Amino acid sequence: MENTILVTGGAGFIGSNFILQRMERESDSVVNLDKLTYAGHLRNLEAIANDRRHEFVHGDIADRGLVRGLLERRRPQAIVHFAAESHVDRSIRGPDDFIRTNVDGTFALLEEVRTYWGGLTEQERADFRFLHVSTDEVFGSLDPEDPAFSETTPYAPNSPYAASKAASDHFVRAYHHTYGLPVLTTNCSNNYGRFQFPEKLIPLVILNARAGKPLPVYGDGQNVRDWLYVEDHCEAIATVLTRGRVGQTYNIGGWNEKRNIDIVEIICDIVDEMAGRRGSSRRGLITFVKDRPGHDRRYAMDANKIERELGWRPLETFESGIRKTVRWYLENEEWVRDVTSGSYRQWIETHYSS
Ligand code: NAD
Ligand code: TYD
């Protein structure tokens with residue numbers, strides 16, 4: 001095995017943040033396999049464009065021949081699997097791609113990794129890791145007084161996205177139980193930070209607020225999510241990769257539950273402060289729109305296990321993380337222009353037209 005990790009989906013939001021953080025801190029090489037869907041942008045990796053430790057491979061995790069060749073050629077000691085369709089609203093409008101990538105793609109990847117792993121020496125097999133990046137959404141929805149999701153909470157996915165991620169989690173688990181593949185699974189809460197595609201709540205609201213456009217809040221705005229700064233998530237993944245117990249799952253969260261309406265108001269106030277007010281407060285742009293079908297009411301993560309066993313805790317507070325994030329979107333207009341051309345506009349028009 002080489003001193004190399006294979007990252008899937010490394011041109012997306014969390015994957016690109018992970019690669020940038022990793023290459024700053026570690027000496028190993030990174031092979032990045034990404035299909036470059038609407039959500040993948042090589043621009044995110046501009047800072048390492050000339051770093052020879054990073055190899056970008058344009059391709060699909062479901063392409064077994066490609067994955068096989070890549071594993072044989074680069075002989076990675078670990079896989080960090082981010083690649084997925086990740087937007088709940090898109091999964092409601094058309095679940096096919098979610099099954100294709102999240103379920104079939106993960107299965108194809110596992111099969112090829114199983115063969116590759118089976119051909120390693122005993123020591124290499126013991127050292128190998130397959131880390132599967134998943135979500136809190138597999139656990140379903142909480143009532144206001146319910147305790148937060150723990151690693152033993154039964155799965156109850158409610159959206160096609162959540163169901164596809166749950167299915168992939170089950171396959172990863174089964175490959176450990178049945179074949180002994182050294183897997184780790186992380187289930188994380190909602191992330192925010194630089195490079196998040198502006199179909200998701202926080203970047204969408206920042207960009208619309210800056211442009212003076214309506215800020216769409218689904219339903220009554222009382223849905224609760226637990227928000228974690230993306231760099232904290234990346235550190236948690238790196239921690240689980242090096243110190244996590246094989247076969248275990250780890251919940252990752254920010255201890256930061258917030259109602260959507262509060263998030264939107266906070267962003268309005270920060271954009272007012274940083275970009276200057278145009279007369280009245282941007283809170284006036286808040287527009288309640290038709291609710292998402294089957295909209296989960298509340299997610300909350302109990303991240304005690306990763307703290308107790310591995311010593312990880314989030315470093316960023318929401319107050320500091322959201323300010324950094326707003327500033328980044330305001331200062332990176334070229335990135336915004338790049339990613340919001342073409343298919344993005346089409347999505348916004350279709351999804352918000354009613
Ligand atoms: P994203 O949509 O920003 O990026 C996904 C990346 O995967 C893109 O670069 C895309 O091109 C690539 N991709 C999609 N299909 C592919 C395929 N078939 N083969 C190869 N590459 C493919 O997603 P994200 O927000 O960065 O999420 C990354 C992972 O983290 C996902 O597995 C997601 O379920 C999980 N997660 C996300 C969050 C969150 O808040 N964003 C929270 C918890 C877990
Ligand atoms: P999102 O960023 O899509 O993440 P997820 O659905 O995976 O939690 O949405 C976060 C919350 O914000 C969710 O409760 C839905 C809500 N939301 C809006 O109210 N308006 C919007 O335009 C979007 C995209 C999301």
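As shown above, the structure is provided for reference.
Residues numbered from 1 in each chain as written. Chains lettered and ligands numbered in written order. Predicted model: local features only at pLDDT ≥ 70, side-chain atom pairs only at ≥ 80, totals over all residues. Heavy atoms only, no water.

Visitor: Can you explain the pattern of salt bridges? Please cite residues and give values.
Guide: In total, this model carries 28 salt bridges according to the counting rule given. Between Asp89 and Arg292 there is a salt bridge whose closest N-O contact spans 2.6 Å. Taken together, the residues Asp89 in helix α3 (residues 88–93) and Arg292 in the loop between β12 (286–289) and α10 (304–310) connect sequence positions 203 residues apart. (Salt bridge = Lys/Arg side-chain N within 4 Å of Asp/Glu carboxyl O. Helix = DSSP H or I, 4+ residues; strand = E, 2+ residues; numbered from the N terminus.)

Visitor: With reference to specific residues and values, describe the site of ligand 2.
Guide: Taken together, 17 residues surround ligand 2, and among them Glu137, Arg225, Arg292, His295 and Tyr352 come closest. Side-chain polar atom of Arg225 to an oxygen atom of ligand 2: 2.8 Å apart, as the coordinates give it. Within the contact set of ligand 2, an oxygen atom lies 2.9 Å away from a side-chain nitrogen or oxygen of Asn260. Isolated, ligand 2 exposes 510 Å² of accessible area, and the fraction of that covered by the protein chains is 97%. Put simply, the parts of the chain that give the shell around ligand 2 at least two residues each are α7 (201–211) and β8 (215–218). Considering every element that reaches the shell around ligand 2, the biggest residue donor is β8, with three residues. Partitioned by chemical class, the residues of the shell around ligand 2 number seven nonpolar, five polar and five charged. (Near = heavy atom within 4 Å. Polar contact = N/O pair within 3.5 Å; in protein donor to acceptor, adjacent residues only side chain to side chain. Areas by Shrake-Rupley, 256 points an atom, 1.4 Å probe, with all protein chains shown as cover. Nonpolar A, V, L, I, M, F, W, Y, C, P; charged D, E, K, R; others polar.)

Visitor: Report on the site of ligand 1, specifying residues and quantitative values.
Guide: Looking at ligand 1, there are 28 residues lining it, with Ile14, Asp34, Ser86, Tyr161 and Lys165 nearest. Asp60 is positioned such that a nitrogen or oxygen atom in its side chain is 2.9 Å from a nitrogen atom of ligand 1. Thr101 is positioned with one of its side-chain polar atoms (N or O) 3.0 Å from a nitrogen atom of ligand 1. Computed on the free molecule, ligand 1 has an accessible area of 830 Å², of which 97% lies beneath the protein chains in the complex. Of the residues forming the shell around ligand 1, the biggest block, three residues, is contributed by strand β5 (residues 129–135).

Visitor: Run through the side chain of Ser159, naming residues and quoting values.
Guide: With respect to the helices, strands and loops of the structure, Ser159 is situated in the loop between β5 and α6 (160–179). Of note is the side chain of Ser159, whose polar atom sits 3.0 Å from the backbone nitrogen of Ala162. Setting aside residues up to four positions removed in sequence, Ser159 forms contacts with Val88 and Ser91. (Contact = heavy atoms within 4.5 Å.)

Visitor: Please give an account of the environment of Ser16 that cites residues and values.
Guide: Inspection of the secondary structure puts Ser16 in helix α1 (residues 13–25). For Ser16, a relative accessible area of 0% translates into the label buried. The spatial distance from the C-alpha of Ser16 to the C-alpha of Glu334 is 17 Å, given a sequence separation of 318 residues. Residues within four places of Ser16 in sequence aside, it is in contact with Gly10, Ala11, Asn44, Leu45 and Phe195. Within the structure, Ser16 has its side chain in polar contact with the backbone oxygen of Phe13 (distance 3.2 Å). (Buried < 20%, exposed > 50% of the residue type's maximum accessible area, 1.4 Å probe, protein only.)

Visitor: Give me the lowdown on the environment of Trp328, citing residues and values where you can.
Guide: Structurally, Trp328 is set in helix α11 (residues 318–331). Here Trp328 falls in the buried class, since its relative accessible area comes to 16%. With 134 residues separating them in the primary sequence, Trp328 and Arg194 have C-alpha atoms 6.4 Å apart. Excluding residues within four positions of it along the chain, Trp328 makes contact with Arg194, Phe195 and Trp335.

Visitor: An account of unusual backbone geometry is requested, with residue identities and associated values reported.
Guide: For Leu36, which is not glycine, the phi torsion reads 55° and is therefore positive. The residue Leu36 is located in the loop between β2 (29–34) and β3 (54–58) in this model. The class of Leu36 is partly exposed, set by a relative accessible area of 28%. A positive phi angle, close to 45°, is found at Arg75, a residue other than glycine.

Visitor: Outline the sheet that holds strand β10 (residues 249–252), supporting the account with residue identities and numerical values.
Guide: Here seven strands make up an open sheet; going across it, the order is β3-β2-β1-β4-β5-β6-β10 and the pairing parallel. Each of the sheet's edge strands pairs with one partner strand only, and the pair in question is β3 and β10. Strand-to-strand twist across the sheet, computed as the mean angle between neighbouring axes with direction ignored, equals 20°. Summarising the sheet, β2 and β3 pair through five bridges and their orientation is parallel. Note that in β3 the partner of Val31 across the bridge is Glu55. (Pairing = 2+ DSSP bridges. Axes fitted to C-alpha atoms, helices over the stretch in contact; angles between N-to-C directions.)

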